[in-house]
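Okay, here's what each chain looks like letter by letter:
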Amino acid sequence: MTPLQVAELPRIPLSQIAPHPLNPEHRHIDVDELQALAADIKRRGLLTPILVASRDKVVSYDADLDTQIPKSAQVVLADGHRRWGAAQLAGVEDVPYLLREDLADPAIAAEVFLASNIHHQRLTPIEEAQGYVRLQRYRKVKQSELGALVGVSQPRVSKTLKLLELPKVVQTAVSAGTVSPHAARELLSVPADTREQTYLAAIESLTSADDLDRPARVADALRAAVNAVRRTAEEADAADKARQALAENGIPEIDPDAVFGSEEWQHQLRDSELDEVRNAGELAGAVVQSTGRVVYYSTPPAPRHRVAKDADPTQTGVVDADPASSDIPSEYDTPDPGAPTEKSDDYSNGIIVAPVQPAPDQPTAPIDAPAAAIEIALRAGEEAHHGRVEAMRRIVADHNQSTLLDVLGDAVLATEWIDVDLGQQLASGLGHDVSPTAVEHLLLEGRRVDVHRTALAAALAALEAEAARSTYAADDTWPIVIQRHVQRLADLGHYRLTPFDEARLDTTHRGADR
């Protein structure tokens, strides 16, 4: 319209105009942004009329809107919320308008407002989701049709609507920009009744108030909290299945301390001994750990502790259960450097024995270490290693770019400590072939995601192979790069540190990479 045509239009006092409740834009009118428009209105007046519908007409379509529109208002804005706001700043008393009763229909208004605000990026993600709900309600359309109505992709509609399944406290954080929509949707992978608690646990885990203003740190904390909940659920499910399997096979659950007393350590079986003991009918029972791992016990001492008097003690693992003995398991000895290296498979689930000739910075157990203490330490190391391997499986299955880069960087820096061959064996145990032939095949096929996943598995396995060396059962601190590996598993929420781990972590270095 020309200025002359606008000047001939009827005018209405600002006091009789109400913003439309279906248009969230009026909540985001920035006074500073409107100053230039207000100055122009002061100088030249409003050159574009606002579009309105009568209050009664709007309410006739939806009685619920009656409580959301002031009784003093005669009309409701259908278009021109920013001009309305600027006119108030300019101090004018009335503005030109066009009465458009066709826009009183909430179905039309909801579509117009949502499309306009989305493309002008004036909505929070939660407001956008609420706009889709309103549009679906008024237009009576399927969710799959919403995207076409407002000009956005259907995946965007689906992901945005998912935000409304989150607790109100999380929705508030998303609206405030404290949590990104992507990070908030991580909560949808845990049961609905645990989402608020998981979110609050993540916020409480942040180390400083400044972290709340850093969405990336909040996202990391939230992801770790979600991973912890999922890990706990998986472990509980694994424990239930393990107990069911024991019951089906007639194997009782026992309390080893009550059954064997101080001799308990001599009766716990390594995985490689289980078949022998079971076939001999010497299985006493089992313990199902909280992680779902099953530990078996034999009625007589485990095979490795049945030492004949004329046997070579260096071939039996722990030599003699007699507390007075000062001998050390062979894996802690330092044999003749010229002797051939042999790898033990006593711990068939992956615990790695010490090298024949330890590196200068790798400790050996004290010569007077009691056999029972060493056996218990080795067992604790094995259990911690098993838990870390399960955490590694979760990380490889569901990793992000940041984790990939951190792990690869540490693996490169840890070349002085890690044994690549042992790492390859452990990676194979994780289900990833990292042999040169397999890697070359992935690279030639350009399977980028599989290349990243395999590289991550190889790097994690190389670091873990070092962490699992039995030399560290002597209560010595891991190298810092290995500490970072273990601490990372816990920080990501995939692993719960054990006392064995805690004893080998130097607390002065924790979180130094944050």
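Bear in mind that the values here come from a model prediction, so they are computed numbers and not experimental data.

Some details on the pairing of strand S3 (residues 50–54)
Part 1: Most of S3 is tucked away, with five of its five residues classed as buried.
Part 2: The side-chain alternation of S3 yields two buried faces, one formed by Ile50, Val52 and Ser54 and the other by Leu51 and Ala53.
Part 3: Of the strand pairs in this sheet, S3 and strand S5 (residues 94–99) are connected by three bridges, and their pairing is parallel. By the bridge assignment, Leu51 is partnered in S5 with Leu98.

What to know about the nonpolar core
Part 1: By size, the foremost hydrophobic cluster in this structure holds 32 residues, and its most contacted members are Leu456, Leu460, Leu463 and Trp478.
Part 2: Of all elements in the fold, only helix H16 (371–397), helix H17 (401–413), helix H18 (420–429), helix H20 (448–467) and helix H21 (480–491) reach the threshold of two or more residues within this core.
Part 3: Looking at which element gives the most residues to this core, the answer is H20, with eight residues.
Part 4: Among residues more than four places away in sequence, those in contact with Leu460 are Met392, Ile395, Val396, Val407 and His485.
Part 5: One finds Val76, Ala115, Ile118 and Leu161 within the second-largest nonpolar core, a separate group that totals 27 residues.

A closer look at the sheet that holds S3
Part 1: A sheet is described by the order of its strands in space; here five strands give the open sequence S1-S5-S3-S4-S2, paired in mixed fashion. Among the strands making up the open sheet, the edge pair consists of strand S1 (11–13) and strand S2 (17–18).
Part 2: Pairing between S3 and strand S4 (residues 75–79): four bridges, direction antiparallel. In the sheet register, Leu51 faces S4, and the bridge partner there is Asp79.

Side note on unusual backbone geometry
Only a minority of non-glycine residues have a phi that is not negative, and only a minority of peptide bonds are not trans.
Part 1: At Lys140, a residue that is not glycine, the phi angle is positive and equals roughly 55°.
Part 2: The topology assignment puts Lys140 in the loop between helix H6 (125–139) and helix H7 (143–150).
Part 3: Given the relative accessible area of 70%, Lys140 is considered exposed.

Focus: helix H8 (residues 154–162)
Part 1: Residues of H8 that are buried include every one of Val157, Thr160 and Leu161, and no others. Summarising the axial view, the buried residues of H8 lie within an arc of 100°, below the 170-degree limit, and thus occupy one face.
Part 2: Where the residues of H8 are buried, they touch H6 and H7.

Notes on H7
Part 1: The set of residues buried in H7 consists of Leu146, Gly147 and Val150. The arc that holds every buried residue of H7, seen down its axis, measures 95°, which confines them to one face. Set apart from the buried face of H7 by more than 90 degrees, the exposed residues are Ser144 and Ala148.
Part 2: For H7, the elements touching its buried residues are helix H5 (106–119), H6 and H8.
Part 3: Looking one or two residues beyond H7, the residue adopting positive phi is Gly151, at roughly 80°.

A look at the pattern of salt bridges
A side chain with one charge can pair with a side chain of the opposite charge if their charged atoms come near.
Part 1: For the structure on display, the rule yields 37 salt bridges.
Part 2: With its nearest N and O atoms 2.9 Å apart, the salt bridge here joins Asp66 to Arg55. Of this pair, Asp66 sits in the loop between helix H3 (55–61) and S4 while Arg55 sits in helix H3, placing them 11 residues apart in sequence.
Part 3: For Asp66, a relative accessible area of 23% puts it in the partly exposed group.
Part 4: On the basis of relative accessible area, Arg55 is assigned to the buried category, the value being 8%.
Part 5: Two residues, Asp398 and Arg230, come together in a salt bridge whose shortest N-O distance is 3.6 Å. Here the residue Asp398 occupies a position in the loop between H16 and H17, and Arg230 occupies one in helix H12 (residues 215–248), the gap between them amounting to 168 residues.
Part 6: Of the residues examined, Arg230 reaches a relative accessible area of 28% and is grouped as partly exposed.
Part 7: Ionic contacts of the salt-bridge type, sharing partners, join the residues Arg270, Glu273, Arg304 and Glu375 into one network.

Some details on the pairing of strand S7 (residues 294–298)
Part 1: The buried count for S7 comes to five of five residues, which makes it a mostly enclosed element.
Part 2: Going residue by residue along S7, you find Val294, Tyr296 and Ser298 tucked away on one face and Val295 and Tyr297 tucked away on the opposite face as well.
Part 3: Sheet topology places strand S6 (residues 283–288) next to S7; five bridges connect them, and they run antiparallel. Within S7, the residue paired with Ala286 across the bridge is Tyr296.

What about the confidence of the model for the protein?
Part 1: Looking at the protein, the pLDDT average stands at 82 and 84% of residues meet or exceed 70.
Part 2: When pLDDT is averaged over each element of the protein, S6 comes out on top at 96 and H18 at the bottom at 77.
Part 3: Contacts from residues 308–369, a stretch scored under 50 in pLDDT, to residues over four places away or in other chains number 99 contacts.

Observations concerning the packing of aromatic side chains
Part 1: According to the stated counting rule, one finds two aromatic pairs in the structure shown.
Part 2: When the centroid spacing of 6.1 Å and the interplanar angle of 25° are considered together, the rings of Phe260 and Tyr297 count as stacked. Taken together, the residues span a long stretch of sequence, with Phe260 in helix H13 (residues 256–260) and Tyr297 in strand S7 at a distance of 37 residues.
Part 3: A residue is classified by how much of its surface remains accessible, and Phe260, at 13% relative accessible area, is buried.
Part 4: Judged by centre distance (6.4 Å) and plane angle (70°), the ring pair of Trp478 and Phe500 falls under edge-to-face.

Procedures and definitions
- Residues numbered from 1 in each chain as written.
- Predicted model: local features only at pLDDT ≥ 70, side-chain atom pairs only at ≥ 80, totals over all residues.
- Heavy atoms only, no water.
- Buried < 20%, exposed > 50% of the residue type's maximum accessible area, 1.4 Å probe, protein only.
- Helix = DSSP H or I, 4+ residues; strand = E, 2+ residues; numbered from the N terminus.
- Pairing = 2+ DSSP bridges.
- Core = buried A, V, L, I, M, F, W, Y, C linked by side-chain atoms within 4.5 Å.
- Contact = heavy atoms within 4.5 Å.
- Arc of directions from axis to C-beta.
- Salt bridge = Lys/Arg side-chain N within 4 Å of Asp/Glu carboxyl O.
- pLDDT = per-residue confidence, 0-100.
- Phe/Tyr/Trp six-rings, centres within 6.5 Å; stacked < 30°, edge-to-face > 60°.

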